[in-house]
Amino acid sequence: MTYISELVKPPQGPLRIASTPANLPFSLVIPTYNESKNVGKLVAHLVALLDNLLPDQYELIVVDDDSPDKTWEVAQKLTSHYPQLRVMRRQKERGLSSAVIRGWQVAQGEILGVIDADLQHPPETLKHMVNHVQDGADLSVASRHIEGGGVSDWSPLRRFLSRGAQMLGLLILPRVVGRVSDPMSGYFMVRRSAIAGHTLNPLGYKILLEVIGRGHVGDIAEVGYVFQERKAGESKVTWKQYVEYLGHLVRLRSQGRIARIRQKFPIGRFLRFGLVGLSGVFVDMAVLYLLSDPSTLAWGLTRSKIVAGEVAILNNFLWNDAWTFADISRSQQGWGARLKRFLKFNVVCLSGLVLNVLLLNLIFNVIFGQQYRYLANLIAIAVVTAWNFWMNLKLSWRVTQVKKTNSQEKS
């Protein structure tokens, strides 16, 4: 009777590698998605190679993102023939980069590696990569851009995009990208101690930049390899990979500043504020039409705008008080408290209204011309919305919330 290993339970929580003592010299993670036609061939090839290189001193970990073609099931059946193989099926997370890190989190090796399952990374290169790490390198990267490396059959466009991405990387993040010749390589291995204890936050498919940028990586070795064309399955390379790569560069360049801004900036509250503001646009536009259009009351533009803006402010306050800042307004019941909030909101928005009127007249009379009054009004509203949100965030409901917290602390 053949024994099939149980699936490995996916780790939860931060993407952080533990510094626990390793039980094996080497762990190789194979992230998969719809690779049922390739996974068996790759595992057989890897076992044949590593049994000679590191007999009984390695493990293979397939991390599958719940593939529709049941790659995880195919891989799990292989465990009856290959006891070195472990399989993880992820059903709540997606993404190649996080799959690699989740695999490393359950790995037992001192050296942690990754290889694609599509047979485009030649397993034979592993021998040289392992030797480099054993000789003292913290990171060993398989590169297409050094002697012995290359691509088998790439189109001119794909070659241009790959090289262009590297050049942009050197401009944006030279101290990280400049350390390797192939920063978009997905075939490498790293010493556990170089990344242990660091929370990784990869964006997109490639995590090599994350390892170099956030880890304590000393010596880096590179091994040339020829990127092979896929023989089965579908390619997963899209323009989105290059966009995510650039986004990753910017995030690493910011040294966490973008993440800190996102933590402090209330995105959900801003979206609600924006939706409320959109309702105010319709109120503003309707009142402006009724007051200023030549076919209705034909009031002057400035006077009409002031009235329309004040009606829109009242509309926006009622919705923001009941929805956007409901968690704060619920703690301050009564008409007196609501009136105070409205007065503060009104002062902030009236200052925005003055800015709105100035912008409207500038756009209406100078830039666009008098036949575009509604377009001019819409642009002015968009600019002032950002002003209103920021000022209200600092001076209206948020100030009340801070005062409430301080009074509670004193009591």
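Residues numbered from 1 in each chain as written. Predicted model: local features only at pLDDT ≥ 70, side-chain atom pairs only at ≥ 80, totals over all residues. Heavy atoms only, no water.

Per an unreviewed UniProt entry, the recorded name for the protein chain is Dolichol-phosphate mannosyltransferase, and the organism is Adonisia turfae CCMR0082. Turning to the protein chain, the UniProt annotation filed under Pathway (unreviewed entry) states: "Protein modification; protein glycosylation." Note on the protein chain: under the UniProt heading Sequence similarities (unreviewed entry), the record states "Belongs to the glycosyltransferase 2 family." (UniProt positions renumbered as here; feature names shortened; annotations may be inferred.)

Asker: A description of a nonpolar patch on the surface should follow, citing residues and the corresponding values.
Answerer: A contiguous nonpolar patch, built from Y372, L375, L378, I379 and V383 and spanning about 410 Å² of accessible area, is present on the exposed surface. One can find I379 in helix 15 (residues 373-395). On the accessibility criterion, I379 (32% relative accessible area) is partly exposed. (Patch = residues over 30% accessible without salt bridge, like charges linked within 9 Å, V, L, I, M, F, W, Y side chains within 5 Å. Areas by Shrake-Rupley, 256 points an atom, 1.4 Å probe, with all protein chains shown as cover. Salt bridge = Lys/Arg side-chain N within 4 Å of Asp/Glu carboxyl O. Helix = DSSP H or I, 4+ residues; strand = E, 2+ residues; numbered from the N terminus. Buried < 20%, exposed > 50% of the residue type's maximum accessible area, 1.4 Å probe, protein only.)

Asker: Describe in detail the side chain of S329, supporting the description with residues and values.
Answerer: With respect to the secondary-structure elements, S329 resides in helix 13 (residues 326-329). S329 sits in the buried class, given a relative accessible area of 8%. Within the structure, S329 has its side chain in polar contact with the backbone oxygen of A326 (distance 3.3 Å). Ignoring any residue separated from it by four or fewer positions in sequence, one finds S329 in contact with D321 and R341. (Polar contact = N/O pair within 3.5 Å; in protein donor to acceptor, adjacent residues only side chain to side chain. Contact = heavy atoms within 4.5 Å.)

Asker: Break down the nonpolar core for me, citing the residues and quoting the values.
Answerer: Counting 33 residues, the largest nonpolar core has F26, L46, L60, L126 and M189 as its most contacted members. Among the secondary structure elements, those contributing two or more residues to this core are strand 1 (24-32), helix 1 (39-53), strand 2 (58-64), helix 2 (71-78), strand 3 (85-89) and helix 4 (125-134). Here this core takes seven residues from helix 1, the largest share from any one element. If sequence neighbours within four positions are ignored, L46 has contacts with L28, I30, L60, I115, P123 and L126. (Core = buried A, V, L, I, M, F, W, Y, C linked by side-chain atoms within 4.5 Å.)

Asker: Describe the pairing of strand 1, naming the residues involved and giving the relevant values.
Answerer: Of all nine residues that make up strand 1, eight are buried, and the element is covered over most of its length. One ladder, built from five bridges, connects strand 1 with strand 4 (residues 109-114); its direction is parallel. Bridged to F26 within strand 4 is I111. Where strand 1 meets strand 2, seven bridges bridge the pair, whose relative direction is parallel. Of the residues in strand 2, the one forming a bridge with T32 is D64. (Pairing = 2+ DSSP bridges.)

Asker: Before we move on, can you summarise the sheet that holds strand 8 (residues 220-224) with the specific residues and values?
Answerer: Across the sheet, which stays open at both edges, the seven strands sit in the order 3-2-1-4-7-5-8 with mixed pairing between neighbours. The sheet is open, and its two edges are formed by strand 3 and strand 8, each paired on a single side. Shown here is a sheet whose adjacent strand axes are inclined to one another by a mean of 20 degrees, direction ignored. As paired strands, strand 4 and strand 7 (residues 188-191) are joined by four bridges and run antiparallel to one another. Directly across from V114, in strand 7, lies its bridge partner F188. Packing against the sheet, helix 1 makes contact with strand 1, strand 2 and strand 3, and its axis sits at approximately 165 degrees to strand 2. Across the sheet, helix 2 lies against strand 1, strand 2 and strand 3, angled at about 155 degrees from strand 3, the strand it touches most. (Axes fitted to C-alpha atoms, helices over the stretch in contact; angles between N-to-C directions.)

Asker: How would you sum up the packing of aromatic side chains? Please name residues and give values.
Answerer: Applying the stated criterion across every chain yields a total of six aromatic pairs. An aromatic cluster is defined as three or more aromatic residues linked by ring pairs; in this entry it consists of F270, F273 and F389. The positively charged end of R144 is found above the aromatic ring belonging to F227, 5.8 Å away from the centroid. (Phe/Tyr/Trp six-rings, centres within 6.5 Å; stacked < 30°, edge-to-face > 60°. Lys NZ or Arg CZ within 6 Å of the ring centre and 35° of its normal.)

Asker: Any chance you could break down empty space enclosed by the protein for me, citing the residues and the numbers?
Answerer: A complete count under the given rule lists three cavities of 30 Å³ or more for this structure. Elements with a minimum of two residues in the lining of the largest cavity: helix 11 (267-292), helix 12 (301-324), helix 14 (335-368) and helix 15. Residue classes in the lining of the largest cavity are distributed as 10 nonpolar, nine polar and two charged. Two domains each donate at least three residues to the lining of the largest cavity, and these are domain 2 (266-324) and domain 3 (331-398). (1 Å grid on protein atoms, 1.4 Å probe; cavity = no way out; pocket = protein on both sides within 12 Å on 5 of 7 lines; lining within 4 Å. Points joined across faces, edges and corners; volume = space filled by probe spheres on them. Nonpolar A, V, L, I, M, F, W, Y, C, P; charged D, E, K, R; others polar. Domains from an automatic or database assignment.)

Asker: Give a detailed account of the pattern of salt bridges, specifying residues and quantitative values.
Answerer: Under the definition given, this model contains 12 salt bridges. As a salt-bridge pair, R86 and E59 come within 2.9 Å of each other at their nearest N and O atoms. Of this pair, R86 sits in strand 3 while E59 is found in strand 2, placing the two residues 27 residues apart along the sequence. Residue R86 is classed as partly exposed on the basis of its relative accessible area of 22%. Overall, E59 belongs to the buried group, its relative accessible area being 2%. D65 is paired through a salt bridge with R90; the nearest N and O atoms lie 2.8 Å apart. With D65 in the loop between strand 2 and helix 2 and R90 in the loop between strand 3 and helix 3 (96-106), this pair connects stretches of sequence that are 25 residues apart. Exposure remark for D65: the relative accessible area of 6% places this residue in the buried category.

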